[in-house]
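Each chain, letter by letter, is given below.
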Amino acid sequence: MAPARAAGRAGAAAALALLWLLVCAPGDAGCRLLTVADLFDRVIRHSGRIHSLSTALYAEMEKHFPPRDNELGKPARKCHTSGMLTPNGKEYAQKIPREELTHLILKLLQAWKEPLSHFNQHIEHHQELPDDSLSKAKQISNMVHELKTGVEKVTEKMQSMGIISNSLNGMASSEAAGLSISNEANMMSDSDFIHCFRRDSNKVQSYLKILKCRIMPENSC
């Protein structure tokens, strides 16, 4: 039974990876592979939808569960990804080598996969939350998994074209593994958790836009 489930998951992952590379469903007439510019547009749009969903969910979480205050009266928010060195602002992100920026995007996405899964299991027990909020949380978790697959496909495309080196292979998952199971993520309040995710989802979208502009400067961005 277990091998069958594993095979099913592998098949689903392969199908998802293939869909990122095509402009249509497999088997359709006129199907063609996406260009690297097309792939970037897809992941940027996908990351934008994730950020919009997280912004809406955060507003709903704050409504039902106001953020905790510390003794200074300020929200006590420490994100489990705070230890990751991330550039603040477009100017600093543009100075990072393309390989490192790609690596950072993958690390951020990997660092949220498991915490989001735990968060979904946790908030299912909150009877105060409307079904729409629970649906948003589940959708965000699924979309982050999809986005990571999409960014991996962009990375492979860039490597095959010689745009970036192959030094990234296997690095992102191994380095972020410790972050993804961090106790800090599980100890945060629900609204703090979504606040942190919203912050990082905005970073991912910004870094993807900057990476695309650096690779394709003809876009004048």
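Computed from a predicted structure; not experimentally measured.

Cut-offs applied
- Residues numbered from 1 in each chain as written.
- Predicted model: local features only at pLDDT ≥ 70, side-chain atom pairs only at ≥ 80, totals over all residues.
- Heavy atoms only, no water.
- 1 Å grid on protein atoms, 1.4 Å probe; cavity = no way out; pocket = protein on both sides within 12 Å on 5 of 7 lines; lining within 4 Å.
- Points joined across faces, edges and corners; volume = space filled by probe spheres on them.
- Helix = DSSP H or I, 4+ residues; strand = E, 2+ residues; numbered from the N terminus.
- Nonpolar A, V, L, I, M, F, W, Y, C, P; charged D, E, K, R; others polar.
- Salt bridge = Lys/Arg side-chain N within 4 Å of Asp/Glu carboxyl O.
- Axes fitted to C-alpha atoms, helices over the stretch in contact; angles between N-to-C directions.
- Parallel < 35°, antiparallel > 145°, perpendicular 65-115°, else oblique.
- Left-handed = near helix turned anticlockwise from the far one by under 90°.
- Disulfide = S-S within 2.5 Å.
- Buried < 20%, exposed > 50% of the residue type's maximum accessible area, 1.4 Å probe, protein only.
- Phe/Tyr/Trp six-rings, centres within 6.5 Å; stacked < 30°, edge-to-face > 60°.
- Contact = heavy atoms within 4.5 Å.

Things to note about empty space enclosed by the protein
On inspection of all chains with the given rule, the structure shows 1 cavity of 30 Å³ or more. Residue lining of the largest cavity: S47, I50, L108, L109, W112, V144, L147, F197, D200, S201 and V204, and that is the complete set. Those elements that place two or more of their residues in the lining of the largest cavity are α2 (36-64), α4 (98-123), α5 (131-160) and α8 (190-215). For the lining of the largest cavity, the element with the highest residue contribution is α8, accounting for 4 residues. Of the residues belonging to the lining of the largest cavity, the class tally is 8 nonpolar, 2 polar and 1 charged.

So, the pattern of salt bridges
If you walk through the whole model with that rule in mind, you get 7 salt bridges. In this structure, the salt-bridge partner of E152 is K148, at a minimum N-O distance of 2.5 Å. Pair noted here: E152 and K148 are both in helix α5, with a separation of 4 residues, about one helical turn. What you see here is one network of salt bridges that share partners, running through E60, D132 and K136.

As for the packing of α4 against α5
Viewed as axis vectors pointing N to C, α4 and α5 meet at an angle of 160 degrees, and their least axial separation amounts to 9 Å. With respect to α5, the element α4 is oriented roughly antiparallel. Note on packing geometry: the crossing formed by α4 with α5 is left-handed. Here the residues of the contact of α4 with α5 sort into 13 nonpolar, 7 polar and 4 charged.

Considering the state of the cysteines
By definition, a disulfide links the sulfur atoms of two cysteines through a covalent bond. Under the counting rule described, the total for this entry stands at 1 disulfide. Through a disulfide, C79 is tied to C196; the S-S separation comes to 2.0 Å. Its S-S torsion of about -85 degrees marks the bond between C79 and C196 as left-handed, since a negative value means left-handed. Here the residue C79 occupies a position in the loop between α2 and α3 (90-93), and C196 occupies one in helix α8, the gap between them amounting to 117 residues. With a relative accessible area of 4%, C79 lands in the buried category.

Some words on the packing of aromatic side chains
On inspection of all chains with the given rule, the structure shows 3 aromatic pairs. Ring plane angle 80 degrees and centroid distance 5.1 Å describe the contact between W112 and F193, whose orientation is recorded as edge-to-face. Taken as a pair, W112 in helix α4 and F193 in helix α8 lie far apart in primary sequence, 81 residues in all. Judged by relative accessible area, W112 falls into the buried class, the value being 2%. Here F193 falls in the buried class, since its relative accessible area comes to 3%.

Considering the side chain of S133
Inspection of the secondary structure puts S133 in helix α5. A residue is classified by how much of its surface remains accessible, and S133, at 1% relative accessible area, is buried. Among all residues touching S133, those that are not within four sequence positions of it are L57 and E60.

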